[in-house]
Amino acid sequence: LNNMGQLFIDIGFPESGKKYYLQALELTEDSTEYLNRLRNLEWTFGNSEKVYQLTKTIYKRDSARVPAFIAADCLIAGHEKEAAYYFEKLKKQKEKSGEIDLYNSKEFGLYLWQIGRKKEAEFCFNQQIKICEESIRLGRWNSMQKGAQFDLAEVYAFMGNKEKAYHYLDEVNKNNSFPLWWVTLFKNHPLLDPIRHEPRFQKILKDVEAKYQAEHERVRKWLVSQGML
């Protein structure tokens, strides 16, 4: 039920998605997971402050559920001091376990860059590049749906390598359709700020939005035909 709700939200029908989330809550009585799903909904629609508030609530209930993304949520919502606390905590956890952070290296790099620790930031960005290039080379799921390519585009855009940034954005744009969360990433992720207002980026964004909108309309018509809207 939660996955069904997520599918509705991905295609731009939040009220339908919420109904499935509530049905799942009634069955499981897992209110923390329900809040986590609402966090995903707000994130999909780019409501960074609501995401931050929900993440904090979830963290207070069960800190094990959100150790990775709480730092990024704080950072993107503009709560830099809290972001610093959680990034440093996450760093210590990773150093203790010896694990490589497969998903947050670029956000950690952004945080370090913003506080002037640029050498450490560059290490994180280069680590993200290495992880993503390996994913593409080995054909991992993250590269198959173009997530690795998008991460590379973000890092290269922030580091000033526009040629590579646009190369990977063009690769991402080869997808035939996009869920709403992709549109939100294009519009809001701070690593893309250096190129966000450039005509070439805006053209790619329009393509992504158009592909999302076409899929949204196709699903809407089907839902109407089934009496579900």
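Before reading further, recall that the structure is shown in the block above.
Residues numbered from 1 in each chain as written. Predicted model: local features only at pLDDT ≥ 70, side-chain atom pairs only at ≥ 80, totals over all residues. Heavy atoms only, no water.

A short note on the nonpolar core
Here's step 1: Counting 46 residues, the largest nonpolar core has F87, F150, L169, W182, F186, I195 and F201 as its most contacted members.
Here's step 2: In terms of residues, this core owes the most to one element, helix 10 (residues 147–159), which gives eight residues.
Here's step 3: For I195, the contacting residues outside a window of four places in its chain are A157, K162, Y166, L169 and F201.
Here's step 4: Judged by nonpolar contacts, the second largest core, of eight residues, contains I9, Y34, L35 and L41. (Core = buried A, V, L, I, M, F, W, Y, C linked by side-chain atoms within 4.5 Å. Buried < 20%, exposed > 50% of the residue type's maximum accessible area, 1.4 Å probe, protein only. Helix = DSSP H or I, 4+ residues; strand = E, 2+ residues; numbered from the N terminus. Contact = heavy atoms within 4.5 Å.)

Examining empty space enclosed by the protein
Here's step 1: With the rule as written, the count across this model stands at one cavity of 30 Å³ or more.
Here's step 2: Estimates place the volume of the largest cavity at around 40 Å³.
Here's step 3: Around the largest cavity sit N2, Y21, A24, L25, T28, D30, E33 and Y34, which together line it.
Here's step 4: Only helix 2 (14–28) and helix 3 (31–44) provide two or more residues apiece to the lining of the largest cavity. (1 Å grid on protein atoms, 1.4 Å probe; cavity = no way out; pocket = protein on both sides within 12 Å on 5 of 7 lines; lining within 4 Å. Points joined across faces, edges and corners; volume = space filled by probe spheres on them.)

Structural notes on unusual backbone geometry
Here's step 1: For E29, which is not glycine, the phi dihedral falls at a positive 60°.
Here's step 2: Turning to its location among the elements, E29 is positioned in the loop between helix 2 and helix 3.
Here's step 3: The exposure class of E29 is exposed, given its relative accessible area of 69%.
Here's step 4: In the Ramachandran plot, K146 falls in the positive-phi region, its phi being about 75° despite a non-glycine side chain.
Here's step 5: Tracing the chain through its elements places K146 in the loop between helix 9 (141–144) and helix 10.

Some points on the environment of I204
Here's step 1: Position of I204 relative to the elements: it lies in helix 13 (residues 199–225).
Here's step 2: A relative accessible area of 4% places I204 in the buried class.
Here's step 3: Not counting the four nearest positions on each side in its chain, I204 is found in contact with Y166, L169, D170, N173 and F186.

Details of the side chain of S135
Here's step 1: With respect to the secondary-structure elements, S135 resides in helix 8 (residues 118–138).
Here's step 2: With sequence-adjacent residues up to four places away left out, S135 is seen in contact with R140, S143 and A148.

Focus: helix 2
Here's step 1: Over its 15 residues, helix 2 runs 21 Å from end to end, which matches the ideal 21 Å to within 8%, given 1.5 Å per residue.
Here's step 2: Buried within helix 2 are the following residues: S16, G17, Y21 and A24. All buried residues of helix 2 lie within an arc of 145° about the axis, which places them on one face of the element. Opposite the packed face of helix 2, turned more than 90 degrees from it, sit the exposed residues E15, K19 and E26.
Here's step 3: In this structure, the buried side of helix 2 is in contact with helix 1 (2–10) and helix 3.
Here's step 4: Where helix 2 ends, the next residue or the one after it, E29, has phi of about 60°, a positive value. (Expected span 1.5 Å × (residues − 1). Arc of directions from axis to C-beta.)

Observations regarding the pattern of salt bridges
Here's step 1: Scanning the entire structure with this criterion turns up 20 salt bridges.
Here's step 2: Note that E134 is salt-bridged to R137, the shortest N-O span being 3.9 Å. Taken together, the residues E134 and R137, both in helix 8 and three residues apart, mark about one turn of the helix.
Here's step 3: Note on E134: relative accessible area 29%, which makes it partly exposed.
Here's step 4: For E217, the salt bridge is made with R220, and the minimal N-O distance between the two is 2.6 Å. (Salt bridge = Lys/Arg side-chain N within 4 Å of Asp/Glu carboxyl O.)

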